[in-house]
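# Architecture at a glance
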Amino acid sequence: MTLHLFELVGTDAARPFSPFCWRSRMALAHKGLSAKSLPWRFTEKAAIAPHRSEKVPVLLDRDKSVADSWTIALYLEDAYPDRPSLFGGEGGQAMARMINWWGDIAVIGGIFPFIVADIASRLGPADAAYFRESREARFKKSLEEVASDRDRAVEGFRRSLDPMRLTLRTQPYLGGETPNYADYIVFGAFQWARVVSPFKLLTENDPVYAWREKLLDAFDGMARKSPTYPA
Ligand SMILES: N[C@@H](CCC(=O)N[C@@H](CS)C(=O)NCC(=O)O)C(=O)O
């Protein structure tokens, strides 16, 4: 059984950085599955077009292709029922759906302005031009302007994590005693930032920092092994 995962990379194919691809990477590891990486860049739309997607992750499993990190998680749960569950049942899956939206909007959306200029600097010329043009159109200002007040704005982002911080007071993971897909949803965003940017999102005394450390160590330190860039 060989699985393949299209993952977003920049100039270095060994540094996949998409938050959504990291969700899928962690989900695969949770299921005890490994997938061969198919490094993919923003301007390589033709490579994933046959799989009816313009975005990654895209998972290939034998004759099937599955796009979108949430759909991939559901697919893995259904296709590999005898392996550790990503959701712990229907209720867990329903609640993870809300965490998925929170992860997309509040966590990824919260972090994005801080690292957007760093992302551009990790891309080759064609991707950097595409990324800058599309994201500057979205923000209506230059990437450098977007990131310019990050030292101040990060305080608000840290406060926005209070619901998670309070949860971690009474349980070690969002999934309970052990991590599950809810944890990987949020972790994917932190790993995205960690891979592309030296910017400090969390302080060492934050329970969310300790939680992130544990997930960096999970699966034999899989996420921690991904190299980082010096400040
Ligand atoms: N909802 C999708 C979002 C996937 C997504 O936005 N992927 C980005 C990489 S982080 C992408 O492929 N973007 C292509 C582009 O911007 O052209 C998921 O959860 O997989």
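The present account deals with the structure reproduced in this document. Note that residues are indexed from 1 along each chain, following the sequence as it is written. Totals for whole chains, interfaces and linings use all residues, but because this is a predicted model, local features are given only for residues with pLDDT of at least 70 and pairs of side-chain atoms are given and counted only at 80 or more. Derived side-chain values reflect all non-hydrogen atoms in the structure, with water molecules and hydrogen atoms excluded from consideration.

### Some words on the pattern of salt bridges
Spelled out, the test is: Salt bridges, as used here, are contacts in which a Lys or Arg side-chain nitrogen is within 4 Å of a carboxyl oxygen on Asp or Glu. Secondary structure follows DSSP: runs of H or I at least 4 residues long count as helices, runs of E at least 2 residues long count as strands, and numbering of each begins at the N terminus. Each residue is placed in one exposure class: buried if its accessible area under a 1.4 Å probe, protein chains only, is under 20% of its type's maximum, exposed if it is over 50%, and partly exposed if it falls in between.
Tallied over the full model, the rule gives 17 salt bridges. The salt bridge partner of Arg25 is Glu7, with a shortest N-O separation of 2.9 Å. Of this pair, Arg25 sits in helix α1 (residues 19–30) while Glu7 sits in strand β1 (residues 3–8); the two residues are 18 residues apart in sequence, bridging distant segments of the chain. Residue Arg25 is classed as buried on the basis of its relative accessible area, which comes to 12%. With relative accessibility at 2%, the residue Glu7 sits in the buried group.

### Points about the sheet that holds β1
What counts, and what does not: Note on pairing: DSSP must find at least two bridges between two strands before they are called paired. Axis geometry follows a simple rule: fit a line to the C-alpha atoms, using only the stretch in contact for helices, then measure angles between N-to-C directions, giving values from 0 to 180 degrees. Contacts between residues were defined by any pair of non-hydrogen atoms, one from each residue, lying within 4.5 Å.
Spatial strand order, β2-β1-β3-β4: four strands in an open sheet with mixed pairing. In the strand order of this sheet, the two ends are held by β2 (35–40) and β4 (64–67), each with one partner. Adjacent strand axes in the sheet meet at a mean angle of 20°, parallel and antiparallel pairs treated alike. Across the sheet, α1 lies against β1, β2 and β3 (58–61), angled at about 150° from β1, the strand it touches most. Most of the contacts of helix α3 (residues 69–79) go to β4, to which it runs at about 135°, and overall it touches β3 and β4.

### Here's the deal with the site of the ligand
Definition in use: Proximity criterion: a residue is near a molecule or strand once any of its heavy atoms comes within 4 Å of it. Here a polar contact is recorded for every N or O atom pair within 3.5 Å, except that within protein the pair must consist of a potential hydrogen donor and a potential acceptor, and residues adjacent in sequence are included only if both atoms are side-chain atoms. To be clear on the numbers: accessible area is Shrake-Rupley with a 1.4 Å probe, and residue cover counts the displayed protein chains and nothing else. Both site types are read off a 1 Å grid over the protein atoms alone. A 1.4 Å probe that fits but cannot get out defines a cavity, while an open set with protein on both sides within 12 Å along at least five of seven lines defines a pocket; lining residues have an atom within 4 Å of a point. Here the criterion for a molecule occupying a pocket or cavity is that more than half of its atoms lie within 2 Å of the pocket grid points.
The environment of the ligand is formed by 15 residues, the closest being Lys45, Val56, Ser69, Tyr130 and Arg135. Take Ser69: an N or O atom from its side chain is 2.5 Å from an oxygen atom of the ligand. In the model, an oxygen atom of the ligand is placed 2.3 Å from a nitrogen or oxygen of the Tyr130 side chain. Protein chains bury 84% of the 520 Å² of accessible surface belonging to the ligand in isolation. Structurally, the ligand is housed in the largest pocket.

### Description of the side chain of Ser18
Position of Ser18 relative to the elements: it lies in the loop between β1 and α1. Residue Ser18 is classed as buried on the basis of its relative accessible area, which comes to 4%. A distance of 3.1 Å separates a polar side-chain atom of Ser18 from the backbone nitrogen of Phe20. Of the polar contacts made by the side chain of Ser18, one reaches the backbone nitrogen of Cys21; its length is 3.0 Å.

### Things to note about the nonpolar core
As a rule of thumb, soluble globular proteins bury nonpolar side chains together. Keep this limit in mind: Nonpolar cores were defined as sets of buried Ala, Val, Leu, Ile, Met, Phe, Trp, Tyr and Cys residues, with membership established by side-chain atoms within 4.5 Å.
Counting 76 residues, the largest nonpolar core has Leu76, Ile111, Phe190 and Trp211 as its most contacted members. No other element matches the 13 residues that helix α4 (residues 90–121) contributes to this core.

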